[in-house]
Structure formats: C-alpha cells, structure tokens
Amino acid sequence: MGIKCLQCGHDNPNDSVFCEECGAKLQVAAPPALPVAPPTAPSAPRALYKLSFKDNTFEVSDSSRTFGRPDFVRFLPEKEYKFVSREHFTISKDGDKFYIRDNGSANGTKLNGVDIKGSGKKELKDGSKILVADTEELQFNII
Amino acid sequence: MVSLDCRVNRSHVRAGRKDVVFVSADAKAEGPMREAGTLNVCLAIDCSGSMVGKKFEMAKKAALLIANSLRPTDHISVITFAGKAKVAVPRQQVGDRREVKGKIEKIGLGPKTIIFGARTNLYDGIRLGYEELASVARLYTARLILLTDGEPTTGPTSERAFVELSEKLGDRGVSVAALGVGKKYNEDLLIAIAEASRGKWHHVVDLDQLPELFKLELLDMKTVVVVKPELHVHMLAGAELSNVYRVGTMVTEVTDYQKTDNEYVMLLEDIKAESASKLVFKIHVPPRPRGKWKISKLTLVAPSVKITQDVVVQSTSDSSLWGAEADPYPRTLLTLAQATVVVKEAIGDPTRVRQAQDLIETMMRDPAAATEIRKDPSLMSIGNTVTRVADTVVRGKLTKEDKKKLKLQATVIR
C-alpha cells in the first residue's frame, strides 16, 4: 500500500512526500482549498451598480459601459435575446449620478415604463426598471 | 546588467531512487535603465476589402503616431497586403519624419495606389516585413507589428507555414506583435505566429485604442535590454528534462528546444527592464547514491552575456530531509503555467478547463504553494487571471467574441 499521486496516479512508497514520477507534492489528508486571491484583494475594482433580471445579476464596476446582445446571449433563450441590439444601451456615471441612454436600438428601451429611445441620457435612480426591447425587464440598483 | 536567478524546489532527494525536482530560471535586467538602443519597426497592415473604413483609417492614424514617436535614428518600414503584399514605405531612418509621414499619408489614396482587394495574403505580408527588417535586425531591437482582420486566403495559409516563417523571424531576433481586429480573423493563427517569434497576440476590442496599442508596442520595445536570450541546460548523465514552460508576456509550453547529448538549448522572451523573463521545467533525477550531485548547469547566453549557475541536490536516506521543500516557487510557477496553457487551448471545452481548475485547486490546498502565490505579485496575477477565465468558461454559454476576450486574458499576462 503506497501513496497514490492525485496528479499522475503513480503509487509511491509510504514514506514519500513528493511523487517520484511527476514531482507533485503528495496529499495525505486534503485540507480545504484556499482561493487564489484573498477575499479582500485590493486590486478587485469595486462594483458600482447591479442590474438584475430573472435569476441573473450583472455587477458592474465600469463607470461607462454599453450593454447589448452579447451580454444577454448567455442568459436568455434565442427568441428573447434576438430582439436586443448589439449595442443596445449605455449606462454611465457622472459625479454621483447614473444615466442611461438608448443607443438607437431597433426595439427600444423603456425606463420605468417611458420610452427613452432618441431622447438622450436619462437619470437612473436606485430601483429603476429598465425594459429592454419590450422583452427583458432589468432592475437597476446602486451598490 | 543582467542577472540569472535559478531556483530548485528541493535541496534533498531520496538516495538510490529516481526523483523529480522543479527548476526555475528567472532572467532580469539589473541596474539603472539605459537609453534604449536603436529601434527597427515594421508595420504590416492588412488592406483587404474588409478593412475599408474606420479600421483602415485608425490603422493609418496608428502608423502616423509611430512615425511621430520614433527617434530620428530609428528605422521604420510599412508593408500593405491584400491579394499581394507590397512595400509601402521601404525601411529607412525616420529622420525629420516629413518624408516617412508623407508616404504613410499616401497609402490607400489616389487611383494608382489603391491596394484594397478581396484576398488576404498574410504570409507575404509577414515575409516582406521580415525582409525589410532583416537587413539590420541583428543590430537593433526589431519588431513586426502585424494588423489583420481576416483569415489568410491566398499564398501559404497553413498554420505550419506561418509557424516556420515566424520561427525564422524569432531566430533573427524579430518578435511579432500580432494584432487582430474584428470578429473574423483567426486568433489561433495569430497566437501561433506570436508564440513562434516570442512576441505577443492582441485582440483589439475597441478600434479607437489602436493608435494607443501601437504606441505601447513601441514603449515595450524601448524597455528591451537583451534580445533573444538563450538558456543552455547541461544535464547530469541520466537526468532528463520535461514540461518546459516559458513565462513572460505570454505563457507558452516550449517544445522546440534543441537537444544535443546532455545539453538542451531553449529561448527566453527578450529581457526587459522591470519584468523577469522566465523558464521553468522539471528535472527527472536518476537514482544516485548518497552525496551531493550537480544535476544541472544552467547558462544564460546572449550577446555580451554569459551567466552560469549550478543546480545541486543532495541524495540522502534521511526522510526528514527529502520530505522538505526548500523553495516552493518553481513548483508553483510550473503548475500555474501548466494550468494557463490548458485554459488557453481549451476555452471552448469546459471539461478540460475544469482539469486546469483542479490543478490549481489541488495546489492551493498546499499551504506552501498558497503562501508563495500570495507573496509574489507575478504568480498572483497569473493565478488570478487563469482562475477568473476558467470560472467564466465553466459557467458556459460564450459568444465567439467572449471567447476571444477570454483567450486574450489567458494568453497575455499583465
């Protein structure tokens, strides 16, 4: 009975610490894995706001970001995301305030029920509802 | 001017049995930064039909910015390629810039100089660029900045042909910065070109960034202290080398090393100020009786540089010694490099990416490796990048553009 290497499967003598076949450190009892980054990684940019829809949430740290089909493809069925334009709307932060602008999307954007296509930047408040292409409702929350 | 820091993870191995140690070689520039030597830049710009419009305008703007940023003694050349490649600006010294800028302005203008075409002869674009650079490549820091938005459609198109050509560039000390624009180009081909010449690949996310990206290449060139450094690894008879990774701007598995008798020769990335150029590998030590063994002699070789360090381990029967790890750094670096290469090559394959995640997770269970990562910012940034990319891949449902961006993150380590 030796110690089996988890990486290459080689059976090592009982008193081994390193695998003689691949050099990996042999693990007798496995303590829980530590995440690479400590929880308070100083380099992680702070999220400014989140957009939630259905069971999904985008947490966004960019002060200006454009959302479009590529963002939704991963979360929505095709019959829903196909109405979202490639560059549908942009959310930007100016000072303490957040704004949304429809980028001339094919199927429009509604902010709290009001169509904002072609009317420039509109202020977003915590809890604002954004309806994308009359299909997907997102809730905006400041973090 | 240059230093070599060789580290081995264990100082003792088991006497009378085979064993494996991890060895790293970090080459660094030392001392104050000198004025950069003469630069030799060639821009190879795709002028096929799909480039018409903003892509081409920004490419020209970027070329003009390069002409403005070089010093009068630096060299510049510009190649355009569509169905055929041609020299738009032959290699010349920048001088007072007027002549060079005038030639760049003229590219793509006027009935006689229309070069837009339906086909893309990427191979000839690179080959002509190489010819322009090569006459002086050995003396100066030379780089080919390649910009394309499509697949090669005419001339040689196989990856093998491109790799052979790029290796030729690399051998002459010319690295290729391969910039891809848009959705249609073949990133695997650009990565292969970059790796074979020890340059880098970049996916241009935002066209407005293009001039800035060209300028960054120039700044990067100015930090090059040693071009085309080699590591000669002389091995103890019976000892063998495996799993070689090059870690610099890009993380690459090295398979094209030369081997003669007991000596391996492999290339490092150019040595730049403020960042280390590294190689890491395993050495399989044959069974040896008790005693001190020089298992390998590492020599860093470059023009006017020759630094040698020995890798020595002690064979012992004392289990408390052979179980100890003197320096977890080489093992940690190699595992991270291995995981990065797996993730990069398997962006579309969550099962393989999960294997890479397992590699890192298993390593992070070992407090020595975890501590090593936390204290070394360069390991930390590789570890963070590869876990972030792997997590995204495993979550699934990626668009082609998502995959390119993720691949870029896993390929070019910041």
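All figures in this text were calculated on a predicted structure; none of them were measured in a lab.

Conventions and cut-offs
Residues numbered from 1 in each chain as written. Chains lettered and ligands numbered in written order. Predicted model: local features only at pLDDT ≥ 70, side-chain atom pairs only at ≥ 80, totals over all residues. Heavy atoms only, no water. Contact = heavy atoms within 4.5 Å. Buried area = accessible area lost by both parts, 1.4 Å probe. Salt bridge = Lys/Arg side-chain N within 4 Å of Asp/Glu carboxyl O. Nonpolar A, V, L, I, M, F, W, Y, C, P; charged D, E, K, R; others polar. Pairing = 2+ DSSP bridges. Helix = DSSP H or I, 4+ residues; strand = E, 2+ residues; numbered from the N terminus. Axes fitted to C-alpha atoms, helices over the stretch in contact; angles between N-to-C directions. Left-handed = near helix turned anticlockwise from the far one by under 90°. Buried < 20%, exposed > 50% of the residue type's maximum accessible area, 1.4 Å probe, protein only. Domains from an automatic or database assignment. Expected span 1.5 Å × (residues − 1). Parallel < 35°, antiparallel > 145°, perpendicular 65-115°, else oblique.

Visitor: Kindly report on the interface of chain A and chain B, identifying the contributing residues and their values.
Guide: Quoted interface sizes are often the accessible area lost when the parts come together. The interface of chain A with chain B comprises 27 residues on the first partner and 38 residues on the second. Across the interface of chain A and chain B, roughly 2600 Å² is buried in total on both sides, 54% from carbon and sulfur atoms. Put simply, chain A and chain B have five salt bridges between them. Note that R14 of chain B is salt-bridged to D15 of chain A, the shortest N-O span being 3.3 Å. Looking at the side of chain A that touches chain B residue by residue, the class counts come to 17 nonpolar, four polar and six charged.

Visitor: Would you mind going over the sheet that holds strand β3 (residues 49-53) of chain A in detail, with residue names and values included?
Guide: Residue and element names in this part refer to chain A. Judged by pairing direction, the sheet is antiparallel, and its six strands sit side by side in the order β4-β3-β12-β11-β8-β9 without closing on themselves. Looking along the sheet, the strands with just one partner apiece sit at the ends: β4 (56-60) and β9 (114-115). As paired strands, β3 and β4 are joined by five bridges and run antiparallel to one another. Following the sheet pairing, F53 is matched in β4 by N56.

Visitor: Explain the packing of helix α9 (residues 350-364) of chain B against helix α11 (residues 377-395) of chain B to me, and be specific about the residues and the numbers.
Guide: All names here are of chain B. Where α9 contacts α11, the two axes come as close as 9 Å, and the packing angle between them is 145°. You can see that α9 and α11 cross each other, and the crossing is left-handed. The residues of α11 that touch α9, namely those facing P350, V353, R354, Q357 and I360, are V386, T387, A390, D391, V393 and V394. Residue composition of the contact of α9 with α11, grouped by class: seven nonpolar, two polar and two charged.

Visitor: Before we move on, can you summarise the environment of R71 of chain B with the specific residues and values?
Guide: Residue and element names in this part refer to chain B. In this fold, R71 is placed in the loop between α1 (54-69) and β5 (75-81). Each C-alpha atom of the pair R71 and A368 lies 48 Å from the other, and the pair is 297 residues apart in sequence. Residues contacting R71, with those up to four places away along its chain left out, are E35, A36, G37, T38, L39 and V94.

Visitor: Give me the pairing of strand β12 (residues 240-247) of chain B: which residues, what numbers.
Guide: Residue and element names in this part refer to chain B. Counting buried positions along β12 gives six out of eight residues, so the element sits mostly inside the fold. Examined bridge by bridge, β12 and strand β17 (residues 277-285) share six bridges and lie antiparallel to one another. In the strand pairing of β17, R246 is matched with L279. Strand direction decides the pairing type here: β12 and strand β13 (residues 251-253), joined by three bridges, are antiparallel. Residue pairing for β13: Y245 is matched across the bridge by E253. Linking β12 back to β13 in an antiparallel pair, the connection comprises three residues.

Visitor: If you had to explain the domain arrangement of chain B to someone new, which residues and values would you point to?
Guide: All names here are of chain B. Domain boundaries in chain B define domain 1 (2-33 + 225-327), domain 2 (39-222) and domain 3 (331-411). The gap between the C-alpha centroids of domain 1 and domain 2 is 35 Å. Contact residues are listed per partner, giving 13 residues for domain 1 and 15 residues for domain 2. Of the roughly 1100 Å² buried between domain 1 and domain 2 on both sides combined, carbon and sulfur atoms contribute 56%. Residues K272 and D220 are paired through a salt bridge, measuring 3.1 Å at the closest nitrogen-oxygen approach.

Visitor: Account for α9 of chain B, with residues named and values stated.
Guide: All names here are of chain B. For α9, spanning 15 residues, the distance from its first C-alpha to its last is 20 Å, which sits close to the expected 21 Å at 1.5 Å a residue. Residues of α9 that are buried: V353, A356, Q357, L359, I360, T362, M363 and M364. On its buried face, α9 sits against α8 (329-345), α10 (367-375) and α11.

Visitor: Requested: an account of the packing of helix α4 (residues 159-171) of chain B against helix α5 (residues 187-196) of chain B, with residues and values cited.
Guide: Residues and elements named next belong to chain B. The N-to-C vectors of α4 and α5 enclose an angle of 25°; their axes lie 8 Å apart at closest approach. One element, α4, and the other, α5, form an angle in the roughly parallel class. Like other packed secondary-structure pairs, α4 and α5 cross with a definite hand, here right-handed. Listed contacts from α5 to E159, F162, V163, S166 and E167 of α4 are D188, L189, A192, I193 and A196. Of the residues in the contact of α4 with α5, the class split is six nonpolar, one polar and three charged.

Visitor: Please give an account of the side chain of T154 of chain B that cites residues and values.
Guide: Residues and elements named next belong to chain B. Within the secondary structure, T154 sits in the loop between β7 (141-148) and α4. The class for T154 is buried, based on a relative accessible area of 17%. Contacts of T154, omitting those with residues within four sequence positions, involve G83, R119, T120 and N121.

Visitor: Describe the sheet that holds strand β14 (residues 258-260) of chain B, and please don't skip the residues or the numbers.
Guide: All names here are of chain B. With mixed pairing, the six strands of this open sheet are ordered in space as β2-β19-β18-β11-β15-β14. The outermost strands of the open sheet, each flanked by one partner alone, are β2 (12-14) and β14. Direction aside, the axes of adjacent strands within the sheet are offset by 25° on average. Two elements, β14 and strand β15 (residues 263-267), share three bridges in a ladder whose sense is antiparallel. Bridging across to β15, T260 finds its partner in E263.

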